[in-house]
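These are the residues of each chain, in order.
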Amino acid sequence: MMMIHKTWKKRLLFILKFNFTHKQYFTLNQVYQVSVGSLQFLYPNNNTVTASIRHNLERLRDDGVIKFVDYNGLYSW
């Protein structure tokens, strides 16, 4: 998977679209499963990749791109 996007948020959105476009809902654990490895590779000096993922999910939520469904880590488009 080639990633040409420059920011954390754009890279995470690319990963979400690549993996979850066909699904109405996805979980935080699913996001971790498909993104942690790639993002650790892209940001080798980041020791808080999962926290950065959560932060950028919040930013995508605030932008209206995804919706926060519940406190169990469920998201939707």
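Below you will find a few notes about this structure. (Residues numbered from 1 in each chain as written. Predicted model: local features only at pLDDT ≥ 70, side-chain atom pairs only at ≥ 80, totals over all residues. Heavy atoms only, no water.)

## Points about the pattern of salt bridges
Line of reasoning, step 1. The tally for this structure, following the rule as stated, stands at two salt bridges.
Line of reasoning, step 2. With its nearest N and O atoms 3.0 Å apart, the salt bridge here joins Arg61 to Asp62.
Line of reasoning, step 3. Judged by its relative accessible area of 58%, Asp62 falls in the exposed class. (Salt bridge = Lys/Arg side-chain N within 4 Å of Asp/Glu carboxyl O. Buried < 20%, exposed > 50% of the residue type's maximum accessible area, 1.4 Å probe, protein only.)

## Examining the packing of helix H1 (residues 8-20) against helix H3 (residues 49-62)
Line of reasoning, step 1. One way to put it is that H1 packs onto H3 with a least axis distance of 9 Å and a crossing angle of 85 degrees. If you check the angle between H1 and H3, you find them roughly perpendicular. Residue-level inspection shows Trp8, Lys9, Leu12, Leu13 and Leu16 of H1 in contact with H3, the latter providing Val49, Ser52, Ile53, Asn56, Leu57, Arg59 and Leu60.
Line of reasoning, step 2. Among the residues forming the contact of H1 with H3, the class breakdown is eight nonpolar, two polar and two charged. (Axes fitted to C-alpha atoms, helices over the stretch in contact; angles between N-to-C directions. Helix = DSSP H or I, 4+ residues; strand = E, 2+ residues; numbered from the N terminus. Parallel < 35°, antiparallel > 145°, perpendicular 65-115°, else oblique. Contact = heavy atoms within 4.5 Å. Nonpolar A, V, L, I, M, F, W, Y, C, P; charged D, E, K, R; others polar.)

## Side note on the environment of Tyr71
Line of reasoning, step 1. Of note, Tyr71 is situated in the loop between strand E2 (67-68) and strand E3 (74-76).
Line of reasoning, step 2. The class of Tyr71 is exposed, set by a relative accessible area of 78%.
Line of reasoning, step 3. In the structure, Tyr71 is positioned 16 residues away from His55 in sequence and 15 Å away in space, judged by C-alpha atoms.

## Description of the packing of aromatic side chains
Line of reasoning, step 1. Scanning the entire structure with this criterion turns up seven aromatic pairs.
Line of reasoning, step 2. Centre to centre, the rings of Trp8 and Tyr43 are 4.7 Å apart; their planes meet at 15 degrees, and the pair counts as stacked. With Trp8 in helix H1 and Tyr43 in the loop between helix H2 (28-42) and H3, this pair connects stretches of sequence that are 35 residues apart.
Line of reasoning, step 3. Take Tyr43: its relative accessible area is 17%, and that puts it in the buried class.
Line of reasoning, step 4. Ring geometry for Phe68 and Tyr75: centres 5.9 Å apart, planes at 65 degrees, overall edge-to-face. (Phe/Tyr/Trp six-rings, centres within 6.5 Å; stacked < 30°, edge-to-face > 60°.)

## What to know about the packing of H2 against H3
How two helices pack is summed up by the angle between their axes together with the distance between the axes.
Line of reasoning, step 1. The N-to-C vectors of H2 and H3 enclose an angle of 120 degrees; their axes lie 10 Å apart at closest approach. Between H2 and H3, the crossing angle belongs to the class labelled oblique. With respect to the hand of their crossing, H2 and H3 are arranged in right-handed fashion. Here Leu28, Val31, Tyr32, Ser35, Val36, Leu39 and Gln40 of H2 come into contact with H3, specifically with Val49, Thr50, Ile53, Arg54 and Leu57.
Line of reasoning, step 2. Of the residues contributing to the contact of H2 with H3, the split by class is eight nonpolar, three polar and one charged. (Left-handed = near helix turned anticlockwise from the far one by under 90°.)

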